[in-house]
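If you want the building blocks of each chain, they are given just below.
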Amino acid sequence: SFLLQTILVSLSGVMSPGPITAAAIAQGTRQSRAGALIAVGHGIVEFPLMIALALGLGVAAGVKWVESSLFIAGGAILLFMAYGMARSAHRPTQAAIKHGPLGTGIAFSAANPYFLVWWVTVGAALIARSLHFGLWAFAVFGVVHWCCDLGWYSALSAASSKGRKWLGPQFQRIVWTVCGIFLTVFGLTFLFNGIRKLI
């Protein structure tokens, strides 16, 4: 159940409208494999951040309110993201091509405040849960999460390279609406789990 939750939350997050999503589409018009390189650049920033969070959570393990706070904060962020998706569904994202794919993945991740907020709330809550199963579960979580990034960005750039019509506004509205529903469900679940841990 944790692995399934990881996949669904990760996909809902990675499919949300944002600079990296737009860059994968924009750079895909030049290079079909741009999405994979963007995911590698994203991982260069993301994996060290995951490890740092895991080390910090390991020190704080056993403190009841820490995990509860992470779940509550994560739930609030997920609901905020769902609201943002609902608003963005009618305003498809566009991006300028200013860097190569690898540099884009690094720059857009490191400079994106929403990326950092997601990891210190939603991501940290998932990491905390993975650590209950052991370090192997944390490693699996990290790889699975990044594979979601790799798969989605690769699909976007490949489709953009071939000029698929389904990447138009209607497709984006459908994807963001579905993701918004998932984010709402998981946001409420996170809030419930966080409150329950405090009782």
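Rules of the game
Residues numbered from 1 in each chain as written. Predicted model: local features only at pLDDT ≥ 70, side-chain atom pairs only at ≥ 80, totals over all residues. Heavy atoms only, no water. Helix = DSSP H or I, 4+ residues; strand = E, 2+ residues; numbered from the N terminus. Expected span 1.5 Å × (residues − 1). Buried < 20%, exposed > 50% of the residue type's maximum accessible area, 1.4 Å probe, protein only. Contact = heavy atoms within 4.5 Å. Phe/Tyr/Trp six-rings, centres within 6.5 Å; stacked < 30°, edge-to-face > 60°. pLDDT = per-residue confidence, 0-100. Axes fitted to C-alpha atoms, helices over the stretch in contact; angles between N-to-C directions. Left-handed = near helix turned anticlockwise from the far one by under 90°. Nonpolar A, V, L, I, M, F, W, Y, C, P; charged D, E, K, R; others polar.

## Things to note about helix α1 (residues 2-14)
Moving on, step 1. For α1, spanning 13 residues, the distance from its first C-alpha to its last is 18 Å, which sits close to the expected 18 Å at 1.5 Å a residue.
Moving on, step 2. Listing the buried residues of α1 in full gives Phe2, Gln5, Thr6, Val9, Ser10, Ser12, Gly13 and Val14.

## Focus: the side chain of Ser130
Moving on, step 1. Along the chain, the position of Ser130 falls in helix α6 (residues 113-133).
Moving on, step 2. When its relative accessible area of 0% is taken as the criterion, Ser130 is described as buried.
Moving on, step 3. Ignoring anything within four residues of it in the chain, the contact list for Ser130 reads Phe2, Ala137, Phe138 and Phe141.

## Remarks on the packing of aromatic side chains
Moving on, step 1. Applying the stated criterion across every chain, the model contains five aromatic pairs.
Moving on, step 2. Their ring planes at 45 degrees and their centres at 6.3 Å tell us that Phe47 and Trp146 sit as a pair that is tilted. Residue Phe47 is located in helix α3 (residues 34-60), and its partner Trp146 is located in helix α7 (residues 135-161); the two are separated by 99 residues in the primary sequence.
Moving on, step 3. Exposure remark for Trp146: the relative accessible area of 19% places this residue in the buried category.
Moving on, step 4. When the centroid spacing of 5.0 Å and the interplanar angle of 80 degrees are considered together, the rings of Trp118 and Trp119 count as edge-to-face.
Moving on, step 5. Residue Trp119 is classed as buried on the basis of its relative accessible area of 0%.
Moving on, step 6. What links up through ring pairs into an aromatic cluster is the set Phe2, Trp118, Trp119, Phe133 and Phe141.

## Things to note about the confidence of the model for the chain
Moving on, step 1. The predicted model of the chain has a mean per-residue pLDDT of 78, with 76% of residues at 70 or higher.
Moving on, step 2. This stretch, residues 92-96, has a pLDDT under 50; its non-local contacts, to residues over four places away or in other chains, come to 13 contacts.

## Digging into the packing of α1 against α7
Packed helices, taken two at a time, are described by the angle between their axes plus the distance between the axes.
Moving on, step 1. Taken N-terminus to C-terminus, the directions of α1 and α7 make an angle of 35 degrees; their axes are 9 Å apart at the nearest point. In the packing of α1 onto α7, the handedness of the crossing is right-handed. Along its contact with α1, which presents Phe2, Leu3, Thr6, Ile7, Ser10, Leu11 and Val14, the element α7 presents Val140, Phe141, Val144, His145, Cys148, Asp149, Trp152 and Tyr153.
Moving on, step 2. Residues belonging to the contact of α1 with α7 are distributed by class as follows: 11 nonpolar, three polar and one charged.

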